[in-house]
Amino acid sequence: MFHPTSPESRTAAWPDHGGSGCSTVSGEDVLFPTPLFGRSTDPNACDGDEELVPTPAHPWEGPLLVACAAVTLVMAAVLARAVWAGTGSWTCVAAALAVVPAVCWAVRGLVYARRRAESVKISPTQFPEAYRMVVSLAADMGLSRPPEAYVRLGGGRCGTDASGHGRHRYLVLSDDLFDADGRLRDPEALAFLITHQLGHVVAGHTGFWRRMATIGADLVPGLGSALSRAMEYTADDHAYARFPEGAHAVRILAGGAHLYTRVNMGEMADRARTDRGCSLLLYHLLTRRPSNTRRMAALRDRTRRGRVFL
């Protein structure tokens, strides 16, 4: 049975071999019955700023954020100059510069609307164990208002996502993380995955203006994806700091909800050091998420930060 404990009292265990790593829960009232560390979980409290809690950001996140913002400003200046050269109207320049934020706002709103309209919202009466977990972990991480959480059906990935629209922040959990009766397959792993996504929220990764400040970098191969990888490592640091015993959750990303117990984390982590090749290096430079091998290596060796580039 899984109970929350303070980070100081936990000891991290690294499973070198595939094992169940699962906990079972026999009742609905035993998982996160009270707020962690006595913090408020009032859902009506106002969450004024995403970056309420100082975050242990990956060393590359800050420099890459500055570089991405600089590229976006340069692209905005180039666009403004081109429109001015073609029209000579400041009104047209302002309209052109406003198009991208308007489209991005609309897309984020539609994605959020689709989630609200089509997905099952986690609540005290729907997936109550997961609901108490989200509320307690959000309070533990300094969020005065827990994000909404939804269960996504299908999708092919067993991971979780975090996003936002306006002042709303929300998490999306895969249905593969629950069994046929709606119970949690692996509470410790789910706590790790939820804390990872909450790490994105408290670090400001889901904010609209942060997205707008870096959107131009996505047009530069390797730049925007490098920042995304650094942010993933930052979120992993949040999760490991609070639930090191749930680090085996990354096996779910590699083996899926049904086969992850057969994944040998130590063997996969070793491949981050031994696997070589030009195509593999190019893949690591272009993917927006750290590969499973590199992510496992970073979680195993906490004396070194995750590899963003080489």
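Relevant structure appears above.
Our subject in this report is the structure included herewith. (Residues numbered from 1 in each chain as written. Predicted model: local features only at pLDDT ≥ 70, side-chain atom pairs only at ≥ 80, totals over all residues. Heavy atoms only, no water.)

Side note on the sheet that holds strand E2 (residues 148-152)
Right, on to step 1. Ordered in space as E1-E2-E4-E3, the four strands form an open sheet in which the pairing is mixed. Looking at strand neighbours, the two that pair on one side only are strand E1 (120-121) and strand E3 (160-165), the edges of this open sheet.
Right, on to step 2. Examined bridge by bridge, E2 and strand E4 (residues 168-174) share five bridges and lie parallel to one another. If you follow alanine 149 over to E4, its bridge partner there is leucine 171. (Pairing = 2+ DSSP bridges. Helix = DSSP H or I, 4+ residues; strand = E, 2+ residues; numbered from the N terminus.)

Re the packing of aromatic side chains
Right, on to step 1. Applying the stated rule across the entire model yields seven aromatic pairs.
Right, on to step 2. Aromatic side chains tryptophan 105 and phenylalanine 208 sit 5.2 Å apart centroid to centroid with 85° between the ring planes, which places their arrangement in the edge-to-face category. One end of the pair, tryptophan 105, is in helix H2 (residues 90-118); the other, phenylalanine 208, is in helix H5 (residues 208-214), with 103 residues separating them in the sequence.
Right, on to step 3. For tryptophan 105, a relative accessible area of 40% corresponds to the partly exposed category.
Right, on to step 4. Here phenylalanine 208 falls in the buried class, since its relative accessible area comes to 9%.
Right, on to step 5. Judged by centre distance (4.7 Å) and plane angle (50°), the rings of phenylalanine 127 and phenylalanine 178 are tilted. Residue phenylalanine 127 is located in the loop between E1 and helix H3 (128-140), and its partner phenylalanine 178 is located in the loop between E4 and helix H4 (187-202); the two are separated by 51 residues in the primary sequence.
Right, on to step 6. Within the aromatic cluster, the residues linked to one another by ring pairs are Trp105, Phe208 and Trp209.
Right, on to step 7. The ring of tyrosine 240 carries the charged tip of arginine 302 above its face, separated from the ring centre by 4.5 Å. (Phe/Tyr/Trp six-rings, centres within 6.5 Å; stacked < 30°, edge-to-face > 60°. Buried < 20%, exposed > 50% of the residue type's maximum accessible area, 1.4 Å probe, protein only. Lys NZ or Arg CZ within 6 Å of the ring centre and 35° of its normal.)

A short note on a nonpolar patch on the surface
Right, on to step 1. Nonpolar side chains collect at one region of the surface, where Val99, Val100, Val103, Val107 and Val111 lie side by side and expose about 380 Å² of accessible area between them.
Right, on to step 2. Along the chain, valine 107 falls in helix H2. (Patch = residues over 30% accessible without salt bridge, like charges linked within 9 Å, V, L, I, M, F, W, Y side chains within 5 Å. Areas by Shrake-Rupley, 256 points an atom, 1.4 Å probe, with all protein chains shown as cover. Salt bridge = Lys/Arg side-chain N within 4 Å of Asp/Glu carboxyl O.)

Quick notes on the pairing of E4
Right, on to step 1. For E4, the tally of buried residues reaches six of seven residues, placing the bulk of the element in the interior.
Right, on to step 2. With six bridges joining them, E3 and E4 adopt antiparallel strand pairing. Bridged to aspartate 161 within E4 is valine 172.
Right, on to step 3. Here E3 hands over to E4 after two residues, with glycine 166 in that stretch at a positive phi of 60°.

Details of the pattern of salt bridges
Right, on to step 1. Inspection of the entire model under this criterion finds 13 salt bridges.
Right, on to step 2. Among the salt bridges present, the one from arginine 289 reaches glutamate 232, with a minimum N-O distance of 3.6 Å. Taken together, the residues arginine 289 in the loop between helix H9 (278-286) and helix H10 (292-300) and glutamate 232 in helix H6 (residues 223-242) connect sequence positions 57 residues apart.
Right, on to step 3. Taking the relative accessible area as the measure of exposure, arginine 289 reaches 32% and is therefore partly exposed.
Right, on to step 4. A salt bridge links aspartate 236 to arginine 295, with the nearest nitrogen and oxygen atoms 2.6 Å apart. With aspartate 236 in helix H6 and arginine 295 in helix H10, this pair connects stretches of sequence that are 59 residues apart.
Right, on to step 5. Exposure remark for arginine 295: the relative accessible area of 7% places this residue in the buried category.

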